[in-house]
Amino acid sequence: MEATGSRKATVSCAFCGKLNRVDLARAAQKPVCGQCRRPIALDRPVRVSDADFDRVVADSQVPVLVDFYADWCGPCKMMAPVLDQVAHDRVGSVLVAKLDTDASQATARRFKIASIPTLIVFRGGREVARELGAIPRPRLEAMLNAALG
Ligand SMILES: [Zn+2]
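Residues numbered from 1 in each chain as written. Predicted model: local features only at pLDDT ≥ 70, side-chain atom pairs only at ≥ 80, totals over all residues.

### A look at the sheet that holds strand β6 (residues 118-123)
Judged by pairing direction, the sheet is mixed, and its 5 strands sit side by side in the order β3-β5-β4-β6-β7 without closing on themselves. Only two strands of the sheet have a single partner each, and these edge strands are β3 (46-48) and β7 (126-132). Across the sheet, the axes of successive neighbouring strands diverge by a mean angle of 30°, strand direction being ignored. Here 3 bridges tie β3 to strand β5 (residues 95-100), and the two strands are oriented parallel to one another. The residue bridging V46 from the neighbouring strand is A97, located in β5. (Pairing = 2+ DSSP bridges. Helix = DSSP H or I, 4+ residues; strand = E, 2+ residues; numbered from the N terminus. Axes fitted to C-alpha atoms, helices over the stretch in contact; angles between N-to-C directions.)

Written out as structure tokens, the structure reads:
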């Protein structure tokens, strides 16, 4: 279904939390939040939480890569710049999201997150790939290519 060219997703505004329906194919045109009018950056990871996880993952017309992390986790910090780069380089074809497992424990429990970071790719709302621990970028790219293919 991603092949139709429609690349819409629902993401929360980093400033006010309002969920916005955005067109990832138009990320370069710098969409703004419908509520607070501040910019919605689509070329960096978006935040998801217990409150909006299901909606964001189910609504996305492109695969969603979710980083289950915690602020105190060293390997998560190593992974962060890699995820920033992937979000930037694959804008429009992959939505990169981050879930703080301390703040959103219900979602972390539901997906049986036993170690962090855990990286899960969702497609059409369903888990299609999972990697545990900090992984090098080539392995992450391979995981995404398999999920996109
Ligand atoms: Zn806003």
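### A word on the pairing of β5
Counting buried residues in β5 gives 6 out of 6 residues, a clear majority hidden from the surface. The alternating pattern of β5 places L95, A97 and L99 and V96, K98 and D100 on opposite faces, both of which are buried. In the sheet, strand β4 (residues 64-69) pairs with β5 via 6 bridges, with the strands oriented parallel. When the sheet's bridge partners are listed, F68 is paired in β5 with L99. In this fold, the crossover linking β4 to β5 by way of helix α2 (residues 74-89) has right-handed handedness. (Buried ≥ 20, exposed ≤ 12 C-beta atoms within 10 Å, placed from the backbone. Right-handed = clockwise from strand over helix to strand, strands pointing away.)

### What to know about the pairing of strand β1 (residues 8-12)
Bridge count between β1 and strand β2 (residues 19-23): 5 bridges; the pairing is antiparallel. Residue pairing for β2: T10 is matched across the bridge by R21. Counted between consecutive antiparallel strands, the loop separating β1 from β2 contains 6 residues, among which G17 sits at a positive phi close to 85°.

### With respect to the nonpolar core
V64, L65, V66, L95 and A97 are the most contacted members of the largest nonpolar core, which has 38 residues in total. Breaking this core down by element, the ones donating at least two residues are β1, β3, α1 (53-59), β4, α2, β5, β6 and α4 (137-148). In terms of residue count, β4 provides more of this core than any other element does, 5 residues in total. L95 has contacts with A9, L24, V46, S60, V62 and V64, leaving out every residue within four places of it along the chain. (Core = buried A, V, L, I, M, F, W, Y, C linked by C-beta atoms within 7 Å. Contact = placed C-beta atoms within 7 Å.)

### Focus on the environment of Q35
Position of Q35 relative to the elements: it lies in the loop between β2 and β3. Along the backbone, Q35 and G17 are 18 residues apart, and their C-alpha atoms lie at a distance of 9.3 Å.

### Observations concerning the environment of A27
Residue placement: A27 occurs in the loop between β2 and β3. Between the C-alpha atom of A27 and that of G92, which follows or precedes it by 65 residues, the distance is 7.0 Å. Not counting residues within four places of it along the chain, the set of residues in contact with A27 comprises L42, D43, V91 and G92.

### Remarks on α2
Every α-helix winds through 3.6 residues per turn, so residues three or four apart in the chain are directed the same way. Taking 1.5 Å of rise per residue, 16 residues should cover 22 Å, and α2 covers 24 Å from first to last C-alpha, within 8% of that figure. At A80, α2 shows its maximal kink, close to 30°; a proline, P81, follows between one and four residues later. Of the positions making up α2, those classed as buried are C76, M79, L83 and A87. (Expected span 1.5 Å × (residues − 1). Bend = angle between axes of the 7 residues up to and from the residue.)

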